[in-house]
Amino acid sequence: MTVGAGRIRHIILIFILLLCGLSAVCFMGCSAEQQAWHAVDNNEINIALIGDEEFFRYGGAYDAMEYAADEFSGRTGVKVNLKLFNDNGDYNTGVALASEIAEDDSISVTISKQELDIIDTVASIFNANKKPLIVTNGCYDRTSAQGYSYLITDFINADTTGRYMGKYAVDEGYRTIAYCHSDTEYEKDELKGVQSFIKNTGTKIVDTVIGPFTQEEFDECYDRWCSLDVDAVYISIYEYLCGSDIIRMLREKGSDIPVMTDYAMENDYDIEINGEYMDGTVILPLYPFEKNDMYNKIYNGFKARYRYGASASVMQSYELVSMICGYLNSGIKTSSEFMDCMKSEDGYETTAGVIHFDENGVLVTENVWYMKFEDGAFDLFRNAQIEKGEGE
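Cut-offs and rules
- Residues numbered from 1 in each chain as written.
- Predicted model: local features only at pLDDT ≥ 70, side-chain atom pairs only at ≥ 80, totals over all residues.
- Heavy atoms only, no water.
- Phe/Tyr/Trp six-rings, centres within 6.5 Å; stacked < 30°, edge-to-face > 60°.
- Helix = DSSP H or I, 4+ residues; strand = E, 2+ residues; numbered from the N terminus.
- Buried < 20%, exposed > 50% of the residue type's maximum accessible area, 1.4 Å probe, protein only.
- Lys NZ or Arg CZ within 6 Å of the ring centre and 35° of its normal.
- Contact = heavy atoms within 4.5 Å.

Colleague: So what exactly am I meant to see when it comes to the packing of aromatic side chains here?
Modeller: Remark: the centre distance and the inter-plane angle together describe each pair of aromatic rings, the angle taken between the planes. Under the definition given, this model contains 19 aromatic pairs. With 6.4 Å between their ring centres and 75° between their planes, Y168 and F381 make a pair best called edge-to-face. Placement of the pair is Y168 in helix α7 (residues 158–172) and F381 in strand β15 (residues 377–383), with a sequence separation of 213 residues. Judged by relative accessible area, F381 falls into the partly exposed class, the value being 28%. The interplanar angle of 25° and the centroid separation of 5.8 Å between the aromatic rings of F218 and Y222 together place this pair among those described as stacked. Here Y222 and F218 lie together in helix α9 (residues 215–228), a separation of four residues that amounts to about one turn. Each member of the pair F218 and Y222 is classed as buried. Clustering of aromatic rings is evident, with ring pairs tying together Y67, F302, Y306, Y308 and Y318. Directly above the aromatic system of Y62 lies the positively charged group of R57, at a separation of 4.3 Å from the ring centroid.

Now the structure itself:
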């Protein structure tokens with residue numbers, strides 16, 4: 001049986017119409033996907049801030065973000081809106097807010113200062129929605145190692161902190177270290193970093209202890225440290241006062257044993273209560289910065305506006321918002337393009353030189369300085385650069 005020419009033309013026409021319909025659906029789908037994220041929308045940039053509001057207010061982080069946003073707006077004419085979502089450190093609230101933000105098409109980028117357990121969950125939420133999430137207060141090393149395409153960790157992570165502090169111990173000639181920690185995953189990651197650096201040196205960790213958190217526990221530890229001839233104490237404890245209390249109890253014993261610790265000790269509460277005992281304590285800041293002409297410009301402008309000085313948190317927050325806004329306003333159209341900018345090998349110029357983020361979004365820098373507590377405050381005192389292959 002043959003098919004008439006008219007019917008053949010009719011079948012072809014239907015087929016063409018079907019193809020056009022499919023093409024239109026595909027085009028609409030692609031357009032919808034592209035429209036689900038805006039770098040700049042109506043000449044405005046919307047940045048979400050999620051976490052415990054206290055973390056954003058403490059140390060001047062929010063003020064520095066506001067300062068950077070206002071400077072950028074004044075320079076470009078693009079308005080930058082900072083939208084703060086306070087989870088009060090609560091897991092369920094933090095996850096619910098993260099889900100809300102990740103599905104909000106008006107928000108370009110989210111900056112997180114959440115608790116580590118919350119970040120471990122919400123990183124996957126943002127990744128699934130292809131929305132950039134930038135963590136500034138720390139997260140588990142395993143979170144950043146997951147390979148999330150839309151996660152940036154803008155801080156010196158636990159393993160790297162441990163490696164740098166291990167280097168400090170070796171350079172100072174410490175041979176026997178007591179390691180005090182609070183038994184969380186972050187502190188264990190930091191311990192791994194110390195051990196990875198010192199493993200082929202003459203420096204050893206001879207005692208690892210949870211705490212000590214009471215005078216009785218400390219007395220037992222101190223007797224043991226004396227018998228082990230411990231010549232340095234490394235403290236990696238997250239809770240306020242618990243770490244500085246160990247320093248206080250050491251000094252009250254009349255011991256001048258050196259103390260190393262991490263960024264958690266750099267807070268007003270520990271310094272106010274135990275600052276008189278903390279002279280000589282050495283830390284690595286959470287974020288790398290250096291005092292130079294760029295630093296002075298930011299510092300002076302910030303202090304003139306807010307009437308107090310710029311800390312490591314201020315430098316981190318100012319440089320991060322400036323970087324984010326610059327990339328968003330560069331003509332990019334998709335969130336994946338934004339992540340490509342953030343992970344570019346060209347990096348971004350900061351007070352600490354050029355920083356960049358590796359394939360997992362982890363901060364990489366070659367210019368880190370130790371800080372030492374003197375005259376009531378932590379201040380930069382020595383470059384901490386690790387040479388290639390050193391400590392391996």
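Having seen the structure, we can now continue with the description.
Colleague: For this particular structure, what's the right way to read helix α10 (residues 242–252)?
Modeller: Each turn of an α-helix holds 3.6 residues, which means side chains three or four residues apart point in the same direction. Those residues of α10 not exposed but buried are G243, S244, I246, I247, R248, M249 and L250. Looking at the packing, one finds that the buried side of α10 touches β6 (176–181), α9, β8 (232–236), β9 (259–261) and α11 (268–274).

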